[in-house]
Structures are given as structure tokens and as C-alpha cells.
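# Descriptive analysis of the structure
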Amino acid sequence: MELKVINKSKHELPRFATEGSSGMDLRANLEEDIIMKPLDRVLIPTGLFFEFEKGYEAQVRARSGLALKKGLGLPNGIGTIDSDYRGELKVLLINWSKEDVKISDGERIAQLVFMKIETPKIVEVDELNDTERSDGGFGHTGL
């Protein structure tokens, strides 16, 4: 897969930190620091614009270090960037902690992972094949 990037930020292009890294770090592209109060949700610009092939998605994921040390995460768990999106990549962060948290320009705020996806052919039917599990849902195997 080829990833085309327009970089309008003040920072270098995202890169894989190690040969085995599955995600690239995304950096905040800010004119001034942002102070996030507890439970604040803020959309952080990156200054990056992407183009990649149909059949892939980019997933914005939380950085475990920020979650542990500062209590920051993504309120939607994982953000999906579709292959036909051409706007600026922005990261939606939430401050889960009980303290104010400062986000500074250039700070690594999330990571970006690319995944191959399949687009199913949707077939409407009247019934589904039965399984041993059937409709057993939340906690059906016990706690």
C-alpha cells in the first residue's frame, strides 16, 4: 500500500518508531497549549492529510503511555479514517483523569494503524444458521 501525505504541520512526517511497530505516532499541531479539564473532549489538529488505497482504513488509536501517565484516551475507542476522506486528520481526545492535562505542540497524542478491510455483499435472508452459542450474548458463558 502506498500512503500519500500532505504535511501542513510544523513537524516531521509520522513514522514507525521500530521495525516491528504497527502504528505511527501522530503529533499535535498547535499554535498554543491546550489545557484539558477532567472529562473534556477536544479535537486536536495534526496538520496531516492522507490518501491511501480503497480496501484499507486508517485507525486512530490511543497511546498507552498517555493513557497510563496522563489519563488521556479516545472517547470512541478507535477512530476510523476512510479511504475516501481527504480532510485534515484530527484526533478526538478525552481526559479521563481527575486532573487538568496540558497538550503541547508537537506532543505525540495518538497512533495511526492501517488495516485491510473487506466490503461484504449484503444478502437479506429470513433466517440464519444455528450455532451452539446461538443468541447467547453478554456474559452467556459466566463471569
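Within each chain, residues carry numbers counting from 1 in the order of the written sequence. pLDDT decides what is reported in this predicted model: residues at 70 or higher carry local features, side-chain atom pairs at 80 or more are listed and counted, and totals for whole chains, interfaces and linings draw on all residues regardless. Only hydrogens and water are set aside; all other atoms, that is, all heavy atoms of the structure, feed into the side-chain values.

Throughout this description, the term salt bridge denotes a Lys or Arg side-chain nitrogen within 4 Å of a carboxyl oxygen of Asp or Glu. Counting across every chain of the model gives nine salt bridges. Salt-bridge contacts for Asp 25 lead to Arg 63; the nearest nitrogen and oxygen are separated by 3.4 Å. Of this pair, Asp 25 sits in strand β2 (residues 24-27) while Arg 63 sits in the loop between β6 (56-61) and α1 (64-70), and the two are 38 residues apart along the sequence. One exposure class covers both Asp 25 and Arg 63, and it is buried. Of the charged contacts in the structure, one is a salt bridge between Asp 25 and Arg 108, with a shortest N-O distance of 2.8 Å. Of the two residues, Asp 25 sits in strand β2 while Arg 108 sits in strand β11 (residues 108-116), which places them 83 residues apart along the sequence. Given a relative accessible area of 19%, Asp 25 falls into the buried group. Judged by its relative accessible area of 35%, Arg 108 is partly exposed. Counted as one network, the salt bridges with shared partners bring together Lys 10, Glu 31 and Asp 105. Only DSSP runs of H or I with at least four residues qualify as helices, and only runs of E with at least two residues qualify as strands; both kinds are numbered from the N terminus onward. The buried label applies to any residue whose accessible area, calculated with a 1.4 Å probe on protein chains only, is under 20% of its type's maximum; exposed applies above 50%, and partly exposed to all values in between.

All right, on to the UniProt feature "binding site: substrate" (unreviewed entry) in the chain then. UniProt positions are given in the numbering used here, feature names are shortened, and annotations may be inferred rather than shown by experiment. In the numbering used here, UniProt assigns the feature "binding site: substrate" (unreviewed entry) to Arg 63, Ser 64, Gly 65, Asn 76, Thr 80, Ile 81 and Asp 82. A maximum C-alpha distance of 26.1 Å shows the annotated residues, which cover 20 residues in sequence, to be distributed over more than one spot. From this annotated list, the subset lining the largest cavity comprises Ile 81. Pairs of N or O atoms within 3.5 Å make up the polar contacts considered here, provided that, within protein, one atom can donate a hydrogen while the other can accept it, and that residues adjacent in sequence are counted only when both atoms are side-chain atoms. Within the local environment of Thr 80, its side chain forms a polar contact with the side chain of Glu 57, the two groups lying 3.3 Å apart. Of note, Asp 82 is situated in the loop between β8 (78-81) and β9 (90-95). Cavities and pockets are defined on a 1 Å grid built over the protein atoms alone: a cavity is a set of grid points where a 1.4 Å probe fits but cannot escape, while a pocket is an open set with protein on both sides within 12 Å along at least five of seven lines, and lining residues are those with an atom within 4 Å of any such point.

We now examine the environment of Lys 4. Along the chain, Lys 4 falls in strand β1 (residues 4-7). Counting along the chain gives 128 residues from Lys 4 to Glu 132, while the straight-line C-alpha distance between them is 46 Å. The contact definition used throughout considers only heavy atoms, calling two residues in contact when any of these lie within 4.5 Å. Ignoring anything within four residues of it in the chain, the contact list for Lys 4 reads Phe 49, Phe 50 and Glu 51.

Once that is clear, we can look at unusual backbone geometry. The phi dihedral of Leu 39 falls on the positive side, at around 70°, and the residue is not glycine. Relative to the helices and strands, Leu 39 resides in the loop between β3 (34-36) and β4 (41-45).

So, on to the pairing of β6. Counting buried residues in β6 gives five out of six residues, a clear majority hidden from the surface. Note: two strands are recorded as paired if DSSP finds a minimum of 2 bridges between them. For β6 and β8, the ladder comprises four bridges, and the chain directions are antiparallel. Its bridge partner lying in β8, Gln 59 is registered against Thr 80.

Time to look at the sheet that holds strand β7 (residues 72-73). Working definition: the strands of a sheet are paired by backbone hydrogen bonds and lie parallel or antiparallel to each other. With respect to topology, three strands assemble into an open sheet ordered β4-β9-β7, the strand pairing being antiparallel. Edge positions in the sheet fall to β4 and β7, since each of these pairs with one other strand and no more. By the bridge criterion, two bridges tie β7 to β9 in an arrangement that is antiparallel. Bridge pairing links Leu 72 to Asn 95 in β9.

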